[in-house]
Amino acid sequence: MPVLPIALMGANVLKRRAVEVTDFKDSLLRGLVDDMLETMDAAEGVGLAAPQVSVSKRIVIFYVPAARNEGIEIPLTIMFNPVIKPLKKTREDGWEACLSVPGLIGEVSRYTAISYRYQDITGAIIECEAEGFHARVVQHECDHLDGILYPMRMKDMSTLAFVDVLNSEVGQPSGSELQKSMSE
Ligand code: NI
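These remarks concern the structure in this document. Only a predicted model underlies this, so the values are computations on that prediction, with no experimental measurement involved.

Moving on, we come to the sheet that holds strand 8 (residues 161–162). Strand order across the open sheet formed by 3 strands is 4-5-8, with antiparallel pairing between neighbours. At either end of the open sheet lies a strand with only one pairing partner, and these are strand 4 (91–96) and strand 8. Here strand 5 (residues 104–111) runs beside strand 8; their pairing, made up of 2 bridges, is antiparallel. Its bridge partner being in strand 8, I105 is matched across the sheet by A161. The sheet contacts of helix 2 (residues 132–144) involve strand 4 and strand 5, and relative to strand 5 the element is tilted by about 105 degrees.

Right under this line is the structure:
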C-alpha cells in the first residue's frame, strides 16, 4: 500500500470531470481506496479525491475529527459517485486549504447545510446530511470530481494567502485555527 504522489494545481487530471465508478466488483478498487487512505493519512489531510492521486474517477474519502466539527466526529467515509444537494440557501465563508494547492489558504463561501448521496464500496446507496465543517469538506471534495479547486470558488482573492505568512501576521487568525482548516 504505497503513499501516492499528489497532483498539484495545473495538472490536467485536476481540471477534468472524473468518471463514474460503475464496476464495484473491480478488484483494483479496494487497493486504490487503501492507497488513498494511506496518502491522506501521510499528508494529514481530512479529505482526498481520486483525481488528486491522478485517478480520474468519482471517489472521495474524508474523515472529520470531533475537534473540527463542534464536537461531532464524522467517521471515515468512502464515497463513490457522490451527489450533493443544498438544504438551505445559506452560505458561510470559511478558510480552506487543499493538498493540491500546498502552502496556501483562502476564504471560500459554501452552503452551510447539504444532503448528499453516494454509493459505498459494495455499490449500495447511502444518504446523509451535513452541516458546518462537515458540509464544507464534502463540497470541497466533490468539487475535485468536477475539475474545480477552491481558488476557483473564491469571491475575495485578497484572502488568498501563504499560511506561513498569515501565521506570522498580527491580528490574523491564530496558527492553530488556520491549521484546523487544513487540508482537503
Ligand atoms: Ni482539495
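Now that the structure is up, let's keep going.
To continue, consider the sheet that holds strand 2 (residues 59–64). Each strand in a sheet pairs with another by means of backbone hydrogen bonds, the pair being arranged parallel or else antiparallel. Taken together, 5 strands build an open sheet; the order of strands is 1-2-3-6-7 and the sheet is antiparallel. The strands lining the two open edges of the sheet, one partner per strand, are strand 1 (47–49) and strand 7 (125–131). For this sheet the average axis-to-axis angle between neighbouring strands, irrespective of direction, equals 40 degrees. Sheet topology note: the strand 6 (residues 113–119)/strand 7 ladder contains 7 bridges and is antiparallel. For Y116, the partnering residue across the bridge sits in strand 7 and is C128. Lying over the sheet, helix 1 (residues 27–42) contacts strand 1, strand 2 and strand 3 (74–86), oriented at roughly 40 degrees with respect to strand 2. Contacts between helix 2 and the sheet are confined to strand 1, strand 2, strand 3, strand 6 and strand 7, with strand 2 contributing the most and set at about 160 degrees to the helix.

Turning our attention to unusual backbone geometry. In the Ramachandran plot, S54 falls in the positive-phi region, its phi being about 65 degrees despite a non-glycine side chain. Along the chain, S54 turns up in the loop between strand 1 and strand 2. Positive phi is not limited to glycine here, since E70 has a value of about 50 degrees. Inspection of the secondary structure assignment puts E70 in the loop between strand 2 and strand 3.

So, about the layout of surface pockets. Approximately 240 Å³ is the volume attributed to the second largest pocket. Residue lining of the second largest pocket: 15 residues in total, with I84, Q139, C142, D143 and R153 positioned closest to the centre. Going through the elements one at a time, strand 3, strand 5 and helix 2 are the ones with two or more residues in the lining of the second largest pocket. Looking at the lining of the second largest pocket, its residues break down into 7 nonpolar, 2 polar and 6 charged.

As a further point, take the nonpolar core. One recurring pattern in soluble globular proteins: nonpolar side chains tend to sit buried together. Counting residues in each nonpolar core, the largest one holds 18 residues, and the members touching the most others are F62, M79, Y116 and V138. In contact with M79, other than residues within four places in its own chain, are R58, I59, V60, F62, Y116, Y118, Q119, V138 and C142.

Attention now goes to the packing of aromatic side chains. This structure, assessed with the given rule, holds 2 aromatic pairs. Between F24 and F80 the ring centres are 5.5 Å apart and the planes differ by 75 degrees, which places this aromatic pair in the edge-to-face class. A residue pair is termed long-range when its members are at least 10 positions apart, and F24 in the segment before helix 1 and F80 in strand 3 qualify at 56 residues. The same class applies to F24 as to F80, namely buried. Between the aromatic rings of Y116 and Y118, the centroid separation amounts to 6.0 Å while the plane-to-plane angle is 20 degrees, which identifies the pairing as stacked. Just as Y116 is buried, Y118 falls in that class too. The positively charged end of R91 is found above the aromatic ring belonging to Y111, 4.5 Å away from the centroid.

Before going further, it helps to spend a moment on the pairing of strand 3. Relative to strand 3, strand 2 is paired through 5 bridges, and the arrangement is antiparallel. Looking at the pairing, F62 lines up with T77 of strand 3. Relative to strand 6, strand 3 runs antiparallel, the two sharing 5 bridges. Considered in strand 6, the bridge of F80 is made with Q119.

How each quantity is defined
- Residues numbered from 1 in each chain as written.
- Predicted model: local features only at pLDDT ≥ 70, side-chain atom pairs only at ≥ 80, totals over all residues.
- Heavy atoms only, no water.
- Pairing = 2+ DSSP bridges.
- Helix = DSSP H or I, 4+ residues; strand = E, 2+ residues; numbered from the N terminus.
- Contact = heavy atoms within 4.5 Å.
- Axes fitted to C-alpha atoms, helices over the stretch in contact; angles between N-to-C directions.
- 1 Å grid on protein atoms, 1.4 Å probe; cavity = no way out; pocket = protein on both sides within 12 Å on 5 of 7 lines; lining within 4 Å.
- Points joined across faces, edges and corners; volume = space filled by probe spheres on them.
- Nonpolar A, V, L, I, M, F, W, Y, C, P; charged D, E, K, R; others polar.
- Core = buried A, V, L, I, M, F, W, Y, C linked by side-chain atoms within 4.5 Å.
- Buried < 20%, exposed > 50% of the residue type's maximum accessible area, 1.4 Å probe, protein only.
- Phe/Tyr/Trp six-rings, centres within 6.5 Å; stacked < 30°, edge-to-face > 60°.
- Lys NZ or Arg CZ within 6 Å of the ring centre and 35° of its normal.

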